[in-house]
Amino acid sequence: TAIALFRQLREHSLVFDEVALNTLLLACSNAGKVRVAEEIFQEMLGMGVAPTHVTTSILVKMYGKAKQLDKAIEVSRRMEESTGCRPNLYVYTCLIQACVRNRR
């Protein structure tokens, strides 16, 4: 799997960029693997790769699909606090979709 390949390559100290990591997060989101996505996100931060609006939107959408609206909102807030970067239109759209999906 993509996750297994990622882990193997990490063992060989291969450096990943935000595009590769966001692709992995999206794959986890599409597969409903919230916990694995959270682990990859923590590894991303540990590697010093800064999350982008794309990262935020993937996580928000994932939590919305997983019926974890509180986490979707929280991840958006944390990203803004940690990066100083306000959510963009796409992130807000994902938040609105998460609210609708969770009937709020």
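This text goes with the structure placed above it.
The rules behind the values
Residues numbered from 1 in each chain as written. Predicted model: local features only at pLDDT ≥ 70, side-chain atom pairs only at ≥ 80, totals over all residues. Heavy atoms only, no water. Helix = DSSP H or I, 4+ residues; strand = E, 2+ residues; numbered from the N terminus. Rg over C-alpha atoms; globule rule 2.2 N^0.38 Å. Buried < 20%, exposed > 50% of the residue type's maximum accessible area, 1.4 Å probe, protein only. Contact = heavy atoms within 4.5 Å. Areas by Shrake-Rupley, 256 points an atom, 1.4 Å probe, with all protein chains shown as cover. Salt bridge = Lys/Arg side-chain N within 4 Å of Asp/Glu carboxyl O. Axes fitted to C-alpha atoms, helices over the stretch in contact; angles between N-to-C directions. Parallel < 35°, antiparallel > 145°, perpendicular 65-115°, else oblique. Left-handed = near helix turned anticlockwise from the far one by under 90°. Nonpolar A, V, L, I, M, F, W, Y, C, P; charged D, E, K, R; others polar.

Q: Is there a simple way to explain the overall build of the protein in this structure?
A: Looking only at helices and strands, the protein has 6 helices and 0 strands in total. Its helices and strands taken in sequence order, the protein reads α-α-α-α-α-α from the N to the C terminus. Its C-alpha radius of gyration of 14 Å places the protein within 12% of the 13 Å reference for a compact globule of 104 residues. Based on the C-alpha atoms only, the size of the protein along its principal axes is roughly 45 × 30 × 15 Å. Relative to its full complement of 104 residues, the protein shows a buried share of 35%. Relative to all contacts within the protein whose residues are 6 or more apart in sequence, the contacts with residues 24 or more apart total 61%. Carbon and sulfur atoms form 56% of the exposed surface of the protein, whose accessible area is close to 6400 Å².

Q: Please explain unusual backbone geometry as it appears in this structure.
A: Residues other than glycine predominantly adopt negative phi, and peptide bonds predominantly adopt the trans conformation. Positive phi, normally seen in glycine, also occurs at Ser-13, with a value near 60°. Among the secondary structure elements, Ser-13 is positioned in the loop between α1 (2–11) and α2 (18–31). A positive phi angle is found at Lys-67, which is not glycine, with a value near 60°. Its place among the elements puts Lys-67 in the loop between α4 (53–65) and α5 (69–83).

Q: Please clarify how the pattern of salt bridges should be interpreted in this entry.
A: Any two side chains of opposite charge can pair if their charged atoms end up close together. What the rule picks out here adds up to 6 salt bridges. Residue Arg-104 pairs with Asp-70 through a salt bridge whose shortest N-O separation is 3.5 Å. Within this pair, whereas Arg-104 is found in the segment after α6 (89–101), its partner Asp-70 is found in helix α5, the two being separated by 34 residues in sequence. Because the salt bridges share partners, they merge into one network encompassing Arg-7, Arg-10, Glu-39 and Glu-43.

Q: What is the right way to look at the side chain of Asn-22 in this model?
A: Structurally, Asn-22 is set in helix α2. Once residues within four sequence positions are removed from consideration, Asn-22 is found in contact with Met-44, Thr-52, Val-54, Thr-55 and Ile-58.

Q: So what exactly am I meant to see when it comes to the packing of α5 against α6 here?
A: When two helices pack together, their arrangement is given by the angle between the helix axes and the distance between those axes. α6 packs onto α5 with a crossing angle of 165° between their chain directions and a minimal axis gap of 10 Å. Judged on the interaxial angle alone, α6 and α5 are roughly antiparallel. Where α5 crosses over α6, the two elements pack in a sense that is left-handed. Of the residues in α6, those in contact with Leu-69, Ala-72, Ile-73 and Ser-76 of α5 are Val-91, Leu-95, Ala-98 and Cys-99. Across the contact of α5 with α6, the residue classes tally to 7 nonpolar, 1 polar and no charged.

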